Amino acid sequence: MFEQVIGQQDIQQRLMQLVSEERLPHALMLCGPQGCGKKALAIGFAKVLLTANGQKPSAMVDKLEHPDLHFTFPTIKLPSMGSDHKPVSDDFAKEWHDMVMSGYYFTMTDWLEQMGGENQQAIITAGESDALIRKLSLKSSQGGYKVSIIWLPERMNIECANKILKLLEEPPSQTIFIMVCEEPEKLLETIRSRVQRIDVKRIDTDSICQALKEKRGLSDDMAQRISRMANGSWRQAMELLTADTENELFLDLFQALMRLAYQRKIKELKQWSEQLASMGRERQKRFLTYFLRLIRENFMYNFRQEELCYMSQREEEFARNFARFINEANILPITELIDRAIRDIGQNANAKIVFFDMALQMIVLLIQK
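Right, let's walk through the structure included here. No experiment lies behind these values; they were computed from the predicted model shown.

1. With respect to the pattern of salt bridges
For the structure on display, the rule yields 22 salt bridges. Arg155 is the salt-bridge partner of Glu282, the closest N and O atoms lying 3.6 Å from each other. On the criterion of sequence distance, the pair formed by Glu282 in helix α14 (residues 281-302) and Arg155 in the loop between β3 (146-151) and α7 (158-169) is long-range, its members being 127 residues apart. A single burial state applies to Glu282 and to Arg155, both of which are buried. Its salt-bridge partner being Glu169, residue Arg194 comes within 3.3 Å of it at the nearest N-O pair. Of the two residues, Arg194 is situated in the loop between α8 (189-192) and β5 (196-199) and Glu169 in helix α7; the sequence distance between them amounts to 25 residues. What makes Arg194 partly exposed here is its relative accessible area of 31%. Taken together, the salt bridges that share partners define one network made up of Asp110, Arg235 and Glu239.

See below:
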């Protein structure tokens, strides 16, 4: 049932123990960083529950088409939808099924592209909670559990969250909720208090390395290099394996910012910020996350901790001359600056202002010693 899960044997055992000891709560929440396998664990456990009580595994379970399995996920509003329509998961059922069946380790960015709304902010609407209430009010079609998987519940709007809270307070008969969450602090406290939280850590490097060799046929040397750079994320390992062109773009942008900031070229820095502002918000956040990683790697490289550095060949070539500019005096201020930019972009701040301010502050931070 957990065949797509990379590592995380301890969480798998913990979930199975809840069933065997008959201590299964009506609501679970798997929390952890992107790429650690929360969604894969949730789907694997749903399969376990749908085949519990003597029910045999079936093609419906394998294909995730079981009538008692319900997926809830963030959606967007398409131009073809009416002005009063509140998008729900059923509107994107085919796109979701195609996405999940191609692999459980995908991100919000992947899902936005699948829906055709790369530059939109996906949410879970109040219409979604109404639809879920109707589905779960029906009896189990197979006489066993009904399983509701809610992916990224932190993206519920307040109206939806309040209705889901009522569902959790008075759960329908034989219903198990499994939430898959990356930012639990954004959920209502009352929701968090009504679920059993299980924290999923980053995947251990050895498990990623072994999976790369078994599933992708990599040599031991290549598998070790990629598994170290993946930083506990199977999704990141896949991106590294496919030589993601986006990372090449991000490295170019990183190098350009550092060179222009060092040379104090204000006009060019303004153009740089406008280039970033023209990208979608999800891509902007990915760039800032990449930026944070590279700052950390250059800091470690500066102190000759090369065994702790996880960089591609191009990144390392740039670090040879640049790393000396990242030191004890500016590593924390730079990190705080980028964290603030990620927060501001996530709150729909003006991207031109955010990136130009960030670029100007880098001029000062790079000369600190």
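2. With respect to the pairing of strand β1 (residues 27-31)
Sheet faces and side chains relate simply in a regular strand, where the side chains alternate between the two faces. Most of β1 is tucked away, with 5 of its 5 residues classed as buried. A two-sided burial pattern is seen for β1, the buried positions comprising Ala27, Met29 and Cys31 on one face and Leu28 and Leu30 on the other. As paired elements, β1 and strand β4 (residues 175-181) share 5 bridges and run parallel to each other. Across the sheet, the residue bridging to Met29 is Met179, located in β4. In this sheet, β5 lies alongside β1 in parallel orientation, the contact comprising 4 bridges. Within β5, the residue paired with Leu28 across the bridge is Gln196.

3. Some words on the packing of helix α9 (residues 205-216) against helix α11 (residues 234-241)
In the contact formed by α9 and α11, the axes pass within 11 Å of each other and the chain directions differ by 50°. Our classification of the angle between α9 and α11 gives oblique. Handedness of the α9/α11 crossing: right-handed. Between α9 and α11, the residues in contact are Ile208, Ala211, Leu212, Lys215 and Arg216 and Trp234, Ala237, Met238 and Leu241, respectively. Classifying every residue of the contact of α9 with α11 gives 7 nonpolar, no polar and 2 charged.

4. Topic: the sheet that holds β1
Ordered in space as β2-β3-β4-β1-β5, the 5 strands form an open sheet in which the pairing is parallel. Every other strand in the sheet has two partners, leaving β2 (69-72) and β5 as the edge strands with one partner each. Each strand of the sheet is rotated relative to its neighbour by a mean of 20°, with strand direction disregarded. In this structure, β2 lies alongside β3, joined through 4 bridges in parallel fashion. Among the inter-strand pairings, Leu69 is bridged to a residue of β3, identified as Val147.

Rules used throughout
Residues numbered from 1 in each chain as written. Predicted model: local features only at pLDDT ≥ 70, side-chain atom pairs only at ≥ 80, totals over all residues. Heavy atoms only, no water. Salt bridge = Lys/Arg side-chain N within 4 Å of Asp/Glu carboxyl O. Helix = DSSP H or I, 4+ residues; strand = E, 2+ residues; numbered from the N terminus. Buried < 20%, exposed > 50% of the residue type's maximum accessible area, 1.4 Å probe, protein only. Pairing = 2+ DSSP bridges. Axes fitted to C-alpha atoms, helices over the stretch in contact; angles between N-to-C directions. Parallel < 35°, antiparallel > 145°, perpendicular 65-115°, else oblique. Left-handed = near helix turned anticlockwise from the far one by under 90°. Contact = heavy atoms within 4.5 Å. Nonpolar A, V, L, I, M, F, W, Y, C, P; charged D, E, K, R; others polar.

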